[in-house]
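Inside the fold
The residues making up each chain are set out below.
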Amino acid sequence: MDVSGLVFDIQRFSVHDGPGIRSLVFLKGCPLRCPWCCNPESRAFAAELLVDRTCCTGCRRCLAGCPSGAVTVEPDGLGVDRLRCTSCGACAERCDSGARRLAGRPMTVPEVLAELLRDAPFFRNSGGGVTLGGGEPLAQPEFAEALLRACRSHGLHTAVETCGHVPWSVLDRIRPWASLILYDVKHIDPAAYLATLGGDLGLVLTNLERLAGAGAAVTIRTPLIPGWNDDEEIIGAIAARARRLGFCDLHLLPFHRLGQTKYDLLGLPHPFRETAPLTEARLRRLRDRAAAGGMRVTLGG
Ligand code: SF4
Ligand code: SF4
């Protein structure tokens, strides 16, 4: 039987997240809880309903179609009682206006591959390929490996974005099928990492050492989060650690608020709603500090 995974988006014609023109496959579920995440619909390991009342026409087809009595009538459109909602998606199927959308659908490897291969000529002409992201794509290891192998069997360049917070056994089995690993080192202080993300930085750094030992092609990525890690000492220490391990490329990813609306559509609070992006001058200082140790540093990625 074909392996299937829970996919919440496939984006075509991206020029980020790896070289050339790429298609990005977003897998659902993540072991971390970054409060600035620009894909909040990626974090849960199950499908989730997004409701955009600004698009609601008031037709009430969703109300009649919900088997759980979870559709609510609000003054500004039809909403959802999230305690009752089972994320079955019946209302989204009936909603023609785009006011209701389910994030996360099971897809088999051949289904995803068929979509990806439509753009194979663009990949070939641009030196691009396919990138698995999320969420944390390696949290669905069987599917991720099967998809990467299928892509490679068609000669496609493959990249994986990972937070590194997975067992080494998973990284080790994925590694041969990934042309490039985009690896997050979000902080250098285990206490800050645990307190904010709920994760074990030691696991992430040990996995990174093992990837270095295995000779994997790795680009380090660090989000620059105002008030959390936008500090020359922290960024300098991350760059120095990466350099010591023999890695050359560091992408610094400036904080932005582009995913803010999705928090509203999911009915979630957005702790960074009022946080201003870093200034150009601040970004340049952080970039220069990271580059001082000999890393090739890119702002963005
Ligand atoms: S089906 Fe869509 S447009 Fe119609 S009432 Fe429900 S949310 Fe609004
Ligand atoms: S996803 Fe299913 S349970 Fe939730 S509101 Fe829509 S129809 Fe009802």
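Basis of the calculations
- Residues numbered from 1 in each chain as written.
- Chains lettered and ligands numbered in written order.
- Predicted model: local features only at pLDDT ≥ 70, side-chain atom pairs only at ≥ 80, totals over all residues.
- Heavy atoms only, no water.
- Helix = DSSP H or I, 4+ residues; strand = E, 2+ residues; numbered from the N terminus.
- Buried < 20%, exposed > 50% of the residue type's maximum accessible area, 1.4 Å probe, protein only.
- Areas by Shrake-Rupley, 256 points an atom, 1.4 Å probe, with all protein chains shown as cover.
- Lys, Arg positive; Asp, Glu negative; His and termini not counted.
- Charge placed at Lys NZ, Arg CZ, Asp CG, Glu CD.
- Core = buried A, V, L, I, M, F, W, Y, C linked by side-chain atoms within 4.5 Å.
- Contact = heavy atoms within 4.5 Å.
- Domains from an automatic or database assignment.
- Buried area = accessible area lost by both parts, 1.4 Å probe.
- Salt bridge = Lys/Arg side-chain N within 4 Å of Asp/Glu carboxyl O.
- Polar contact = N/O pair within 3.5 Å; in protein donor to acceptor, adjacent residues only side chain to side chain.
- Nonpolar A, V, L, I, M, F, W, Y, C, P; charged D, E, K, R; others polar.

What follows concerns the overall build of the chain. Within the chain, the regular secondary structure consists of eleven helices and 13 strands. Taken over the C-alpha atoms alone, the chain extends approximately 60 × 45 × 35 Å along its principal axes. Counting only residues that meet the buried cut, the chain has 50% of its 301 residues in that class. With an accessible surface of roughly 13500 Å², the chain has 52% of that area assigned to carbon and sulfur atoms. Taking the 35 positively charged and 32 negatively charged side chains of the chain as two groups, their mean positions are separated by 2 Å.

Core analysis: the largest hydrophobic core is formed by 66 residues, its most contacted members being Val25, Val112, Leu147, Tyr183 and Val218. Setting aside anything within four residues of it in sequence, one finds Val112 in contact with Val7, Ile10, Val25, Met107, Phe143 and Leu147. With ten residues, the next largest nonpolar core counts Val51, Cys62, Val80 and Ala92 among its residues.

Each assigned domain of the chain is listed here: domain 1 (4–45 + 105–299) and domain 2 (48–103). Taking the mean C-alpha position of each, domain 1 and domain 2 sit 32 Å from one another. Residue-level contacts link eight residues of domain 1 with seven residues of domain 2. Buried surface at the junction of domain 1 and domain 2, summed over both partners, amounts to about 730 Å²; 59% is from carbon and sulfur atoms. Per-residue buried area on domain 1 facing domain 2 is highest for Lys28, Leu265 and Leu266; these three make up 63% of the total on that side. Taken together, the connections running from domain 1 to domain 2 amount to one salt bridge. For Lys28, the salt bridge goes to Glu48, with nearest N and O atoms at 2.7 Å. Remark: the boundary between domain 1 and domain 2 carries four residue pairs in polar contact (both at pLDDT 80 or more). Residues belonging to the side of domain 1 that touches domain 2 are distributed by class as follows: five nonpolar, one polar and two charged.

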